[in-house]
Amino acid sequence: MTKTKIATKGLDWSYAPAPESADHFQLKGQYGLFIGGKFFPASSGKRFPTINPATEKILAHVAEAGAKDVDQAVRAARVAYEKVWRKMPGRERGKYLYRIARILQERARELAVVESMDGGKPIRESRDVDIPLAAAHFFYHAGWADKLGYAFPGKTVQPLGVVGQIIPWNFPLLMVAWKVAPALACGNTVVLKPAETTPLTALLFAEICQEAGLPDGVFNCITGAGATGAALVNHAGLDKVAFTGSTDVGKAIQKSLAGRSTKLTLELGGKAANIIFEDAAIDQAVEGIINGIFFNQGHVCCAGSRLLVQESVEKEVVAKLKARMAHLIVGDPLDKNTDIGAINSKGQRDRIRDYLKFGQEEGAELFQTSCSIPQKGYFIRPSFFTKVAQSHRIVQEEIFGPVLAIQSFRTLDEALEKANNTPYGLSGGVWTDKGAKIFKVTRGIKAGVIWANTFNKFDPSSPFGGYKESGYGREGGRHGLRAYLECL
Ligand code: NDP
């Protein structure tokens, strides 16, 4: 085992490897589709491999659902909705959600390791963020299941019916929880399609539903690639589609649902501005920049992928950022020292490399740390661009990787103008010691979530969602419940 060496002026930090063990559970070689409470092979017999992006090794083979399987899953969800779930009192539904939440906690270690192996994220993040938050979403929504009438006083609330849910690869189990917990709490049944590159924790979640005794067909999981997602969206038996992913696919889904009564919520991309004023606590702000862009390799829709820094402190902030970045450890996702794990797939790694090229071709200046990265697997060094213009692709488009674009500003109005000047409106950040400035900025940015003097904080009770090309509808809190209910 080699030690990770980080050398900065006069200091030499060496970290011995601290790998999390993966011998406390056994992945199956093959996973089926979860329909009506049981696992089945795809009707076509097709399977695809899911690989560990840090080692490029196959972890398991997973069934690839076709239109026939999608149809069976939607039918199973319909039967469960009509015969069992919609009729069940909220307090009884809540018990299942509590049970699921507790099993998520009991199996947290296994889930965290599988999440890091299948998706590439550092074990510290899957262990301390993804899995605890997934359980928290089930606990939170379990509490609402018998109180929905109080969430919307004066209204009669009803579930929508069968919901098709499509989720991405950046927070696989957490996205399961964000989607499934409110849907089930409100009395809907679900057909879920996880991303092709990260299906494993959704399949373990299906096992957890079995373990919790969830009635058959209330939760169904169909694995596959984009074609499986499209077959789900195009199925006439859905009452709602909930999608998280790229803006392009979100637009395609919106088009295919046009003219149908199927409801839709979309949580799409982002290009958040993290705004640092000269009166901010600079060292804390630098930590916030690091967390904003390098958390989960930058595969975060609400990542602070643009830094807007007031001109008077630009040099200081950039120098401190470089110094802090020199300490970031890129490498084995299962090592507890690792700050930045593997890029989720070869395709995404190549896409990020393309943006590193575009930025330089457009005239921006690239900085990357000199840390070592493993030879095998998909890794990118933490990076930022300076000398960028508002029109550059690296400022306007979502890169979804550990790449920050840095711009400066002189006045608050200029900062707002630049912050709002992208097609997105998902999130933002502001760093200042003046409360009034916080209110001006939070009112002035068109985004669903804005953090003040912090970044990337999530809570199940707090609604999350976007404006403009970042989508519509909210997840979390009472707003999130509303998206899974008919309020009469
Ligand atoms: P996609 O939007 O393609 O993937 C999101 C989900 O949609 C996945 O489950 C995917 O399946 C599925 N899907 C793909 N095509 C269709 C379709 N036509 N109909 C229904 N479902 C479909 O994102 P990518 O994985 O291609 O990532 C590309 C870029 O999107 C990233 O670089 C990033 O910029 C952005 N992105 C944003 C996310 C966010 O949270 N805002 C999350 C993920 C990506 P499968 O994965 O199996 O192809």
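Here, the structure is the one placed above.
Notes on the structure follow.

What counts, and at which threshold
Residues numbered from 1 in each chain as written. Predicted model: local features only at pLDDT ≥ 70, side-chain atom pairs only at ≥ 80, totals over all residues. Heavy atoms only, no water. Helix = DSSP H or I, 4+ residues; strand = E, 2+ residues; numbered from the N terminus. Buried < 20%, exposed > 50% of the residue type's maximum accessible area, 1.4 Å probe, protein only. Contact = heavy atoms within 4.5 Å. Pairing = 2+ DSSP bridges. Axes fitted to C-alpha atoms, helices over the stretch in contact; angles between N-to-C directions. Core = buried A, V, L, I, M, F, W, Y, C linked by side-chain atoms within 4.5 Å. Disulfide = S-S within 2.5 Å.

### Notes on the environment of Asp216
Consideration 1: Of note, Asp216 is situated in the loop between helix H7 (200-211) and strand E11 (219-221).
Consideration 2: Residue class for Asp216 comes out partly exposed when judged on its relative accessible area of 47%.
Consideration 3: It is 8.5 Å that separates the C-alpha atoms of Asp216 and Ala77, two residues lying 139 residues apart in sequence.
Consideration 4: Among residues more than four places away in sequence, those in contact with Asp216 are Gly36, Gly37, Lys38 and Ala80.

### Section: the sheet that holds strand E17 (residues 383-386)
The strands making up a sheet associate through backbone hydrogen bonding, with each pair oriented either parallel or antiparallel.
Consideration 1: With mixed pairing, 7 strands are arranged side by side in an open sheet as E16-E17-E18-E15-E14-E20-E21. Edge strands, defined here as strands with exactly one partner in the open sheet, are strand E16 (365-368) and strand E21 (449-452). Along the sheet, successive strands turn relative to each other by an average axial angle of 20°, direction set aside.
Consideration 2: Bridge analysis of E17 against strand E18 (residues 403-409) gives 3 bridges, and the strand direction is parallel. Looking across to E18, one finds that Phe385 is bridged to Ala405.
Consideration 3: Along the sheet, helix H15 (residues 435-444) makes contact with strand E14 (273-276), strand E20 (427-431) and E21, crossing E20 at roughly 165°.

### A look at the nonpolar core
Consideration 1: Judged by nonpolar contacts, the single largest core of 85 residues is most densely connected at Phe138, Phe205 and Phe219.
Consideration 2: Ranked by size, the runner-up nonpolar core spans 27 residues in total, among them Ile276, Ala280, Val318 and Leu328.

### Looking at the state of the cysteines
Consideration 1: Here the structure, examined in full by the defined rule, presents 0 disulfides.
Consideration 2: Counting only cysteine sulfurs, Cys487 is the nearest neighbor of Cys186, a cysteine outside any disulfide, at a range of 8.8 Å.
Consideration 3: Given the relative accessible area of 2%, Cys186 is considered buried.
Consideration 4: With no disulfide partner, Cys301 has as its closest neighbouring cysteine sulfur the one in Cys302, 4.8 Å distant.

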